[in-house]
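# Remarks on the overall topology
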Amino acid sequence: MSTKNDAKNWVGQALPRKEENRLLRGRGKFADDIKLREMLYLRFVRSPYAHARIVSVDVSAAATLPGVFGTLTGAEIAAQTQPFIEIGPDACGRIKDYPLAVSKVRYQGEPVVAVVAESPSLADDAAELVQIEYEALDPVVDAEAALTDKSILHDEAGTNQVWNGVFEYGDVDKAFREAAYIVNIDRMHFHRFSSTPLENNVVIAQWNPKDDRIYYECNNSFPSFAIQFLSAHLGVNIDRIRVETSDIGGSFGIKITSYPQMAVCALASKKAGGRPVKWVETRTEHITSSAHGNERTFRDTRVALDKNGVITGLASRHIDDCGAYPRYEPLGCVIWSQVFPGVYRFKNARIDFTQAVTNKCPVGPNRGYSRMQHLWFLERVIDICGHELGIPSDEIRLRNYIRPEEFPYTTPNGCVYDSGNYQKMLQVAKERLGWEEWKKKQAAARKGGRLVGIGIGTTLDSGTNNFGQSQIVNPGAPFSGNSQGANCKLDIYGEVVVSVGSCPQGQGHETTAAQVVADVLNIHPDRITVRTGFDTERNVHTGFSGTYASQFAVSGLSAVHGAAQKLRTEMMRLGAFLLETNEDDIEFGTGEQGPEVRSKSTKKSVNYWGLANIVNVNSAVLPSELYEVTLNCRYIWRAPFKVPDKQKKYGSLTLTYASQLHIAVVEIERDTFIPRILDYVAVDDCGTVINPPIVEGQVYGATAHGIGAALMENCVYDAVGNMLTSTFSDYTPITAMNMPKVKYDHIETPSPHSYSGAKGMGEGGAAPIHTISAALQDALFASGIMIDDSFNNADSLFRAMVAKEISQIKNLVRVEKRV
Amino acid sequence: MAIKFAGDFEVKRSPEEVYDFLSDPARFAALLPDFQGLSIQDSTHFTVKVNVGISYIKGTAEVKMELAQAERPKRAQYKGQGSMAGGNVTLMAGFDLEPIDGGTKVAWQGEAQIFGRLTSMAGGLLEPLGKKQIQKLIDGLQAALGRQDAGATPVPPEPMETA
């Protein structure tokens, strides 16, 4: 007899994270916590040169050190493997990328030799004994210089250009012919920065000679992508590669590209007769050699505006720097176009996009990947136009924003923005800031000679990719669509167990998946066990599975929801049979004997144990027509995408578009040139919120990441390719001490593209970078200085303001007035 | 990271004498600051060992040197490449000799390029330290060539203080 009803919508509740109890008590299981019998430890010997020919490699002293089990060189690896798959066509496709350098090194920190020893310290000692003779070559550390091909990184490619394409929509020439104003901007630059997860990359690999299978425990955040690369590289069938992930201490996309190290560890294990090999990345290795975000230069930008300051056309040339090896690139050459017009309504635009290799660390999909560079560019364009035309920064945005009634909005390149209300976000943000009050304070401060600026940044977080966009950069690419798998079952004693092919790194997947299933089964989320972490052998993954690109709330939870619905349907069928009623009469709830299904009419019930018992261990009771009921339901959710038009570069590239609007008040200290944030507001719209504290936490995280990038974090290289910021002392990642108090708020415009109305979120669209650039611009425009770089610290502001070395408006911006 | 250097000095020796000194590894290399040892491979190739140290990063660098240009008595140019803990260095140092009244004008110029983590860990210190070392070499060279017994192996200068 049922006594309780848990009827409640768990989705939307501020449920404490289920993960918290484990993680905050130090009971998480991270890859480096795993110790296996006879485990060996791997250390890389890395190149001090950015560009050099390898003359000789002598491992004899290292190999004979007691406790050293062996070494691996690039030549050994090249002899037994294939180069990694290249995603790009033509010249890019000819690049030969091995996990250890073979004949040349192409960035400082590139691994050249691997040393395997009985302990990490022995491996360290042995690595110092490896003698490598180099012949230095001319390095190229600037993408525009690289495109001259005076010093070529990859001889087999014959050029440093990775990709080029023109994205043109509408009638651009007509827009410029009819423009009232044309604003010309010579050059802008988005700097190179990365992520600093608490946990660096870790790989444990075992190439087991007994079954010739490779076992991985690691913290790669896109393992289904990694195993596709590893399988082809190692010549091992994909089903013979097992990848497991456990708790992961942050990734932000950077851990997607750890597959080269995964390959080396497997080959080292094979050479060591199958003993497991562990590699734990040091912080300096992470900063110099894991992956950086894309650096981009914007050249020859022309903006057409009507007499009211509405943008009618845009033309520009963008050059992207992907570092020494393309790896995940050239996907970034198209991914930015998911947000082609940003939040603005212009229809006519032409962007000539080129990507080049340089002698710097390869890039990876760093949080806000490829879109944030473009969105920063658009936000700079709107602010520069506003300042030049004398239109306030809020007003010029309101004149150009896509309007609420226009959603779903189709962009010039065929993307469909699902929902949004940027005007309302601006209104909420201004209210939270106290806009009018700050304007008065700003005016008073300026009278006193203080440099105070107020900046707005509006941005998009496009989530759930259509991998068909890869065919825009390479028509032969065998990828399109997107999918995610999940499994929901009643175990033998009636436990509800959910598995999903994601690799959470702090996003609270255990909690949000439980909330979704709780609503479907009408039980408390605490009664649901969510198995997080990837495992190829659980068979709940697809080729797109992982955690990246702001998609779990849509792809992951849709898969979980689908699997839970299938389970619910089976439970209803089974319950109707056992309770001798029909399925319409069945309801779900919690009784005295736990979760149950019951007859609404007779009030008879059977609990989950009873249901699971019959299917799993008492099956003779089942009639044959219920043999197909397994209570173990796998569901694959597929995004409703089509393959984009490759020639026109047109199509739906992303399913959901969360948006963020930030406002910052920043003051530049006159004496020290240090920029200080006086006030900060972050407003988020990720559609229906599954769990408010989790969303808020990710907004804070993305805000911190963006503020760090805007003011503190910069991957600096000197002219010969030395990375000058290879430690935390020099890279200065943001800490809690550097964070302003953030005033958070949100609006909800539910997405019509997801079952729940939720949109993927977590990347934040790098809103703080746009916002702080805008605030600094506002502070300095009257001084004749333009913010043309995304990184602005005291040094760069000093050079702009006092030394006049950079960023003078008169040299960078020219306005043609035709009215 | 590149450190460029250049300068000149005058000595009361003939260009031939100066050239012979500069092109003799046994005499030239011993003037390198913190010189520890020398092995000569042939008439134009030799390897020197020098102590290097910045703060707590200390060790020995082995620098393979080549007398790349030898135009007696006008010009001598060395090229070198070495490695040390945390970094590698490539260097070029040239000496142009011009006869003057009663002696020789020695114009010297060169460039050292430093690669590796050292540039990040000690970047701000490297350039002043490098220039100090080079000045020490030139001072030693000038002193040795100024002495009457310049034909003999000069006494190496005192080890340099590390920052």
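Owing to the predicted nature of the structure, the values given are computational and were not obtained by experimental measurement.

## Let's talk about the interface of chain B and chain A
- Tallying the contact residues gives 13 residues for chain B and 16 residues for chain A.
- Mapped onto the side of chain B that touches chain A, the elements with two or more residues apiece are β6 (87–100), β7 (103–115) and α3 (117–121) of chain B.
- If you tally residues by element for the side of chain B that touches chain A, the top one is α3(B), at four residues.
- Of the residues in the side of chain B that touches chain A, the class split is four nonpolar, eight polar and one charged.

## Considerations on the sheet that holds strand β6 (residues 131–136) of chain A
All names here are of chain A.
- Read across the open sheet, the three strands follow the order β4-β2-β6; overall the sheet is antiparallel. Two strands bound the open sheet, and with one partner strand each, they are β4 (104–105) and β6.
- Across two bridges, strand β2 (residues 52–58) lies against β4 in antiparallel orientation. Counted as the bridge partner of A52 is V105 from β4.

## Notes on the sheet that holds strand β9 (residues 202–208) of chain A
All names here are of chain A.
- With mixed pairing, seven strands are arranged side by side in an open sheet as β3-β5-β1-β12-β9-β10-β11. Every interior strand has two partners, whereas the edge strands, β3 (68–73) and β11 (241–245), have only one. For this sheet the average axis-to-axis angle between neighbouring strands, irrespective of direction, equals 20 degrees.
- As paired strands, β3 and strand β5 (residues 111–117) are joined by five bridges and run antiparallel to one another.

## Considerations on the environment of A:G468
Residue and element names in this part refer to chain A.
- Here G468 shows up in the loop between β18 (451–465) and α16 (470–473).
- G468 gets classed as buried once you count the C-beta atoms within 10 Å, which come to 22.
- Sequence separation between G468 and C415 is 53 residues; the distance between their C-alpha atoms is 13 Å.
- Setting aside chain neighbours within four positions, we find G468 in contact with F479, S480, G481, F641, V643, P644 and G651.

## Re the domain arrangement of chain A
Residue and element names in this part refer to chain A.
- Split into domains, chain A comes out as domain 1 (20–28 + 483–638), domain 2 (34–137 + 201–280) and domain 3 (162–194 + 291–468 + 644–817).
- When each unit is reduced to the centre of its C-alpha atoms, the spacing between domain 1 and domain 3 is 41 Å.
- The interface of domain 1 with domain 3 comprises 17 residues on the first partner and 22 residues on the second.
- Every element with two or more residues in the side of domain 1 that touches domain 3 is listed here: α17 (509–521) and α18 (552–578).
- The element contributing the most residues to the side of domain 1 that touches domain 3 is α18, with seven residues.
- For the side of domain 1 that touches domain 3, the class distribution of residues is seven nonpolar, 10 polar and no charged.

Each value, and the rule that gives it
- Residues numbered from 1 in each chain as written.
- Chains lettered and ligands numbered in written order.
- Predicted model: local features only at pLDDT ≥ 70, side-chain atom pairs only at ≥ 80, totals over all residues.
- Contact = placed C-beta atoms within 7 Å.
- Helix = DSSP H or I, 4+ residues; strand = E, 2+ residues; numbered from the N terminus.
- Nonpolar A, V, L, I, M, F, W, Y, C, P; charged D, E, K, R; others polar.
- Pairing = 2+ DSSP bridges.
- Axes fitted to C-alpha atoms, helices over the stretch in contact; angles between N-to-C directions.
- Buried ≥ 20, exposed ≤ 12 C-beta atoms within 10 Å, placed from the backbone.
- Domains from an automatic or database assignment.

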